[in-house]
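For reference, the chains in residue letters:
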Amino acid sequence: MWELADRYQLFVGGEWKDAASGERFDVINPATEEVVATVPNAGPKDIQEAIDKAAAAQVAWAETVAAERGKILSRAAALMHERVEDLARVMTLEEGKPLAESRGEIAYAASFLEWFAEEGRRIYGDTIPSSSPNKRILVLKRPVGVTAAITPWNFPAAMITRKLGPALAAGCTMVIKPSELTPLSALEIAKILEEAGLPKGVVSVVVGTDAPAIGQEIMRDFRVRKVSFTGSTEVGKILMRQAADTMKKVSFELGGHAPFIVFGDADIDAAVENAVASKMRGMGETCVSANRIYVQRSVVEEFTAKMSERLGRMQVGNGLEEGITVGPLIEPAAVEKVDRHVQDAVAKGATIVLGGQRPAASKGYFYAPTVISGVNEKMLVMQEETFGPVAAIVPFDDEDEVIAKANNTRYGLAAYYFTRDIGRVFRLAEQLEYGILGANDGMPSTAQAPFGGVKESGLGREGSKYGIEEYVDIKYISLGGIQK
Ligand code: SIN
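Residues numbered from 1 in each chain as written. Predicted model: local features only at pLDDT ≥ 70, side-chain atom pairs only at ≥ 80, totals over all residues. Heavy atoms only, no water.

Looking at the nonpolar core
Formed by 83 residues in total, the largest nonpolar core has its most connected members in Met-80, Val-203 and Ile-218. If we skip the residues at most four places from it in the chain, Met-80 touches Leu-87, Ile-106, Ala-109, Ala-110, Leu-113, Thr-161, Ile-189 and Ile-192. One finds Ala-258, Ala-290, Leu-329 and Ala-392 within the second-largest nonpolar core, a separate group that totals 65 residues. (Core = buried A, V, L, I, M, F, W, Y, C linked by side-chain atoms within 4.5 Å. Buried < 20%, exposed > 50% of the residue type's maximum accessible area, 1.4 Å probe, protein only. Contact = heavy atoms within 4.5 Å.)

As structure tokens, then:
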């Protein structure tokens, strides 16, 4: 029977080791506030070593044929499926999401390795007609080189594989810096990569509590040619400024503030189910979570009643226990933020229909599923991502009004809308300023589709055939001397 290690090590250049400083830190279970395990507290020295090893492994890895790289990715995906129970347990222990969701995330994470195992074989070049009879123009795509991934706590496995899959498939090495709140899933993935036969140095996993210092070390190193980051817009802006000094390629998946629009002609039951799925996935702690729920006035009462009934049936508690559908938030500050948003809305005239408080639990960072109605644009819930289980419902009257409201934000990651009018499906798809549109679909994320935002929600795309383009450079060969 598999046992969780209580003392993890860093994975640097294919070796398991402690941090150069010898320091360690605790990983806390947000449902019980107990220590799950301890992890070495890496700093700039450890990151340097990981980059050195990645740079040393880069040429040989880029020369490995795509089919060979794909086989390693496929083996790693198969191992993830085989170990889903153990990996899900680790995830629930460190992140809090209910076990069923953790299992779903492991499958989602493996799907990126599976997709890119295949996609690596299709990094095609081009030939372009030349303007000279004496020349030919050829386009090659080559791996960008050493890359780094800075990943968040809300998807401790999938946000790693969504970056790692295309990087490895394209022939890049990668240094991974997972969130210090959820390092265990990342280190378990490193074990799987090692077992799948990944050559030493191609991937390192280095985690530490001083995220700004580690981030700076990655950003200032010229050898790192590409950084992919998922996290807040605020940190994304800092990294973008830092990337300028060495002109790194970047892709950023940043904050969202998703509108979820329900028109009077929609299938209301389907809209409610999708709103629950989007809102409550990961306790509302996702960048694509429905944050501003706009419902046409003719159906707002029906929608609010059904949404409250569905959320009221959800079971809050330790995600390891049977029947639990809502786990804890990640840390006390997250609970405080959610509560601040709810209290601000109430102070400005909103009504709490369901929840609106921390449930009575002696331990853990819980917040009850909450529905608030009578919400308006002045409230914090309508201005910032809540990142918690709060459904803020706002009535609207017509299409133009709701499009303008939905677009009135600096964010542009995901937007959802429910309608049976096919013309409206296209009008909204064209007019909503978002990278991902769920038309009658609250769960659009999948490995084969391009995930990413516009405006301050980020740059670049992950997943899909577009995701691998982020890890290649285009080279052009002008071939002369063709005519005799
Ligand atoms: C995120 O919230 O950062 C990712 C969500 C997804 O992949 O669906």
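Still more to cover.
Some points on the pattern of salt bridges
Here the structure, examined in full by the defined rule, presents 35 salt bridges. Put simply, Glu-15 and Lys-200 hold a salt bridge, and the shortest N to O gap is 3.6 Å. Here Glu-15, found in strand 2 (residues 15-17), pairs with Lys-200, found in the loop between helix 6 (183-195) and strand 9 (203-205); they are 185 residues apart in sequence, far enough to count as distant. Owing to a relative accessible area of 56%, Lys-200 belongs among the exposed residues under this scheme. Across the salt bridge formed by Glu-49 and Lys-17, the nearest N and O atoms sit 2.7 Å from each other. (Salt bridge = Lys/Arg side-chain N within 4 Å of Asp/Glu carboxyl O. Helix = DSSP H or I, 4+ residues; strand = E, 2+ residues; numbered from the N terminus.)

Re the sheet that holds strand 6 (residues 136-143)
Reading across the sheet, the 3 strands line up as 5-6-20 and stay open at both edges, with antiparallel pairing between neighbours. The open sheet has two edge strands with one neighbour each: strand 5 (126-128) and strand 20 (472-479). Taken over all neighbouring pairs, the strand axes of this sheet differ in orientation by 25° on average, direction set aside. Bridge count between strand 5 and strand 6: 3 bridges; the pairing is antiparallel. Looking at strand 6, one finds that Thr-127 is bridged to Leu-138. (Pairing = 2+ DSSP bridges. Axes fitted to C-alpha atoms, helices over the stretch in contact; angles between N-to-C directions.)

Some details on empty space enclosed by the protein
In the structure shown here, the tally under the stated rule is 5 cavities of 30 Å³ or more. The calculated volume of the largest cavity comes to roughly 90 Å³. As for the largest cavity, its lining consists of 13 residues, and the residues nearest its centre are Phe-155, Met-159, Arg-162, Glu-253 and Phe-451. Broken down by class, the residue content of the lining of the largest cavity amounts to 7 nonpolar, 3 polar and 3 charged. Both domain 1 (10-254 + 457-476) and domain 2 (258-446) contribute no fewer than three residues apiece to the lining of the largest cavity. (1 Å grid on protein atoms, 1.4 Å probe; cavity = no way out; pocket = protein on both sides within 12 Å on 5 of 7 lines; lining within 4 Å. Points joined across faces, edges and corners; volume = space filled by probe spheres on them. Nonpolar A, V, L, I, M, F, W, Y, C, P; charged D, E, K, R; others polar. Domains from an automatic or database assignment.)

As for unusual backbone geometry
In this structure, Met-283 takes a positive phi of about 60° despite not being glycine. Mapped onto the secondary structure, Met-283 falls in the loop between helix 9 (268-280) and strand 13 (290-296). Positive phi, normally seen in glycine, also occurs at Lys-455, with a value near 50°. With respect to the secondary-structure elements, Lys-455 resides in the loop between strand 18 (436-439) and strand 19 (458-459). For Lys-455, a relative accessible area of 37% puts it in the partly exposed group.

Here's the deal with the environment of Phe-222
One can find Phe-222 in the loop between helix 7 (211-220) and strand 10 (224-230). Each C-alpha atom of the pair Phe-222 and Met-247 lies 8.4 Å from the other, and the pair is 25 residues apart in sequence. Setting aside residues no more than four positions away along its own chain, Phe-222 makes contact with Thr-246 and Lys-248.

Notes on the site of the ligand
Taken together, 13 residues lie near the ligand, and Tyr-108, Arg-162, Arg-281, Cys-287 and Ser-445 sit nearest. The side chain of Tyr-108 places a nitrogen or oxygen atom 2.7 Å from an oxygen atom of the ligand. Arg-162 is positioned with one of its side-chain polar atoms (N or O) 2.8 Å from an oxygen atom of the ligand. Coverage of the ligand by the protein chains reaches 100% of its 260 Å² of free accessible surface. The cavity where the ligand resides is the largest cavity. Looking at the shell around the ligand, its residues break down into 6 nonpolar, 4 polar and 3 charged. (Near = heavy atom within 4 Å. Polar contact = N/O pair within 3.5 Å; in protein donor to acceptor, adjacent residues only side chain to side chain. Areas by Shrake-Rupley, 256 points an atom, 1.4 Å probe, with all protein chains shown as cover. Sits in = over half its atoms within 2 Å of the grid points.)

Section: the domain arrangement of the protein
Here the protein is described as being made up of domain 1 (10-254 + 457-476) and domain 2 (258-446). The interface is formed by 26 residues belonging to domain 1 together with 30 residues belonging to domain 2. Of the roughly 2,300 Å² buried at the junction of domain 1 and domain 2 (both faces included), carbon and sulfur atoms supply 61%. Considering only the surface of domain 1 that becomes buried against domain 2, Glu-33, Trp-153 and Ser-457 emerge as the three largest contributors, covering 22% of it. Applying the counting criterion to the domain 1 and domain 2 interface returns 0 salt bridges. Applying the counting criterion to the domain 1 and domain 2 interface returns 7 residue pairs in polar contact (both at pLDDT 80 or more). When contributions to the side of domain 1 that touches domain 2 are tallied by element, the ones reaching two or more residues are helix 3 (84-95) and helix 4 (99-119). In terms of residue class, the side of domain 1 that touches domain 2 is made up of 11 nonpolar, 7 polar and 8 charged. (Buried area = accessible area lost by both parts, 1.4 Å probe.)

Notes on the sheet that holds strand 15 (residues 370-373)
Pairing is mixed across the open sheet formed by 7 strands, whose spatial order is 14-15-16-13-12-17-18. The strands lining the two open edges of the sheet, one partner per strand, are strand 14 (351-354) and strand 18. Strand-to-strand, the axes of this sheet are offset by a mean angle of 25°, without reference to chain direction. In this structure, strand 15 lies alongside strand 16 (residues 390-396), joined through 3 bridges in parallel fashion. In the strand pairing of strand 16, Ile-372 is matched with Ala-392. The sheet contacts of helix 9 involve strand 12 (258-262), strand 13, strand 16 and strand 17 (414-418), and relative to strand 12 the element is tilted by about 165°.

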